[in-house]
Amino acid sequence: MAAKILLIEDNEETAHLLARALREAPEPFEVVSVFSAHEGLDQLGAEPVDCVLLDYRLPDGDGLDCLRKIRQRHSDVPVVIITGAGSEEIAVEAMKLGATDYVVKHGKYVLTVPVVIREALGRRELTRTAARYRNALRSTRREVTRLRNELRERFRLEGIIGESPLIDTVLDMAERAAQSDATVLIEGETGTGKELLARAIHYHGPRARGPFLAQNCAALPEGLLESELFGHVRGAFTGADRQRRGLFEEAGSGTLFLDEVGEMSPATQAKLLRVIQDRVVRPVGANASRTIDVRVIGATNRDLREAVHEGRFRLDLYHRLRVFPIPLPPLRDRREDIRLLALHFLEKLTARESKELRGFDPEALQCMERYPWPGNVRELENEVHRVVLCAEPGERIGVALLAPWILEHGGPLADGARPLKEIVREVELATIRARLREHGYHRSATARSLGMTREALWAKIRQLGFALPRRKSEG
């Protein structure tokens, strides 16, 4: 589609010559001709044009006044000024006022006009492209900031579920680790949440603006793991058809999480020791090392001291990794957190599966608290997910929905004794249920009768694991 040019020229013969030159150009233009500033401004207001070709001398004012009005009303339209020979100072003034370019009337200037206009349109397109790029860049930066804040919120230390003294100690240590740059070693069984804790440390500290990258050291054979961690140069091994940066370089000023670090081969352990010790990395097949600035968090489900004693793990690497050790306790050692975790997973997974359930029966929660959970938090989440999928909408999760092995290990205590915490919860549950019935399930009135706020009552109801009957309104 031809670009549309508005020609404002008081001399009809000159206007005819310019219009003809524009229409017969190698890339023809569509031309609309007017003969005064007033007509030109009216035409601009009536329909859009791609460029204005404006003569300096007009019957109802000079071209500079017309240029000012065009800039005020149509700032994005390029304007090319035509001036008489010897009036270059006018052209300079026009450029200061916002003209895109100018043409001086001398020689065969008519042939120059199409070229100047094509260049003006090209500059406008470049300006628009640059503006789109800047807007896209701002949008991308806003999205990156949003995602970074979302990650920080999702993996914040305060979001780790638990109220046991053991988990309080872990969180206190993680808080201290987050504010330092020391290498951290998280020690704990499979499924205890070592990567979750590592992410929380990263997003809670000064490196949160950098990336968090994770690598399971047991997931790759030795050669591939070295290439993944340290990178390689082209031709370093069969199939290395191009250079590749390793995770240590990609992590930049962020954090690299090395899970199951005890599974590394001796050769990889030696290279990792040098990276941590000297803060340099040498890609596979390279002749030179590169400086890095990355925080390392390791994790292991094995006893590395025993591995050192058996000669399977380097003693010097063990001490380099274990600058700030954080032992993550198994779920069986913090049974008071099982109820909170189960309710948390229930809320998350019912939302994911779009299924509304009425919570857990107290007996089901007690049974879950007695089960040892050898797979730790991961096993608990999987079990809650399974019962959510098996339960009918609106159903309350009872012991019948739990897996047989949980029922087998989570039955009543052998001697018939009941823990004090279980008795207290049962009394609380019975009391709250009785008060709710007494006040017609009116939460505000029930809370006042119990000497607590409505929010505190609601939190206690959720903690005890039962759901209220639906009410049409809450007075």
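Here is a short report on the structure shown in this document. These numbers come from a predicted model, not from an experiment.

## So, the packing of helix H13 (residues 338-352) against helix H14 (residues 362-370)
Part 1 of the reasoning: Between H13 and H14, whose axes approach to 9 Å, the crossing angle comes to 120°. Judged by the inter-axis angle, H13 sits oblique to H14. Crossing hand, H13 versus H14: right-handed. Two secondary-structure elements touch here, H13 through Ile338, Arg339 and Ala342 and H14 through Leu365, Gln366, Met368 and Glu369.

## Remarks on the sheet that holds strand E16 (residues 324-327)
Part 1 of the reasoning: Spatially, the five strands line up as an open sheet ordered E9-E12-E15-E8-E16, and their pairing is parallel. A strand with exactly one partner marks an edge of an open sheet, and here the two such strands are strand E9 (212-216) and E16. Sheet twist, expressed as the average angle between the axes of neighbouring strands with direction ignored, equals 20°.
Part 2 of the reasoning: In terms of strand pairing, E9 meets strand E12 (residues 255-259) through five bridges, oriented parallel. Looking at E12, one finds that Ala214 is bridged to Phe257.

## Details of the sheet that holds strand E7 (residues 101-105)
Strand pairing in a sheet is mediated by backbone hydrogen bonds. Such pairs are either parallel or antiparallel.
Part 1 of the reasoning: Pairing in this open sheet of five strands is parallel, and the strands run E2-E1-E3-E6-E7 from one edge to the other. Each edge of the open sheet carries a strand with a single partner, namely strand E2 (30-34) and E7. Neighbouring strand axes in the sheet, compared pairwise and without regard to direction, differ in orientation by 20° on average.
Part 2 of the reasoning: The sheet contact formed by strand E1 (residues 4-8) and E2 spans five bridges and is parallel.

## Here we look at helix H15 (residues 376-390)
Part 1 of the reasoning: Spanning 15 residues, H15 covers 21 Å between terminal C-alpha atoms, matching the ideal 21 Å at 1.5 Å per step.
Part 2 of the reasoning: Listing the buried residues of H15 in full gives Asn376, Val377, Glu379, Leu380, Glu383, Val384, Val387 and Val388.

Procedures and definitions
- Residues numbered from 1 in each chain as written.
- Predicted model: local features only at pLDDT ≥ 70, side-chain atom pairs only at ≥ 80, totals over all residues.
- Heavy atoms only, no water.
- Axes fitted to C-alpha atoms, helices over the stretch in contact; angles between N-to-C directions.
- Helix = DSSP H or I, 4+ residues; strand = E, 2+ residues; numbered from the N terminus.
- Parallel < 35°, antiparallel > 145°, perpendicular 65-115°, else oblique.
- Left-handed = near helix turned anticlockwise from the far one by under 90°.
- Contact = heavy atoms within 4.5 Å.
- Pairing = 2+ DSSP bridges.
- Expected span 1.5 Å × (residues − 1).
- Buried < 20%, exposed > 50% of the residue type's maximum accessible area, 1.4 Å probe, protein only.

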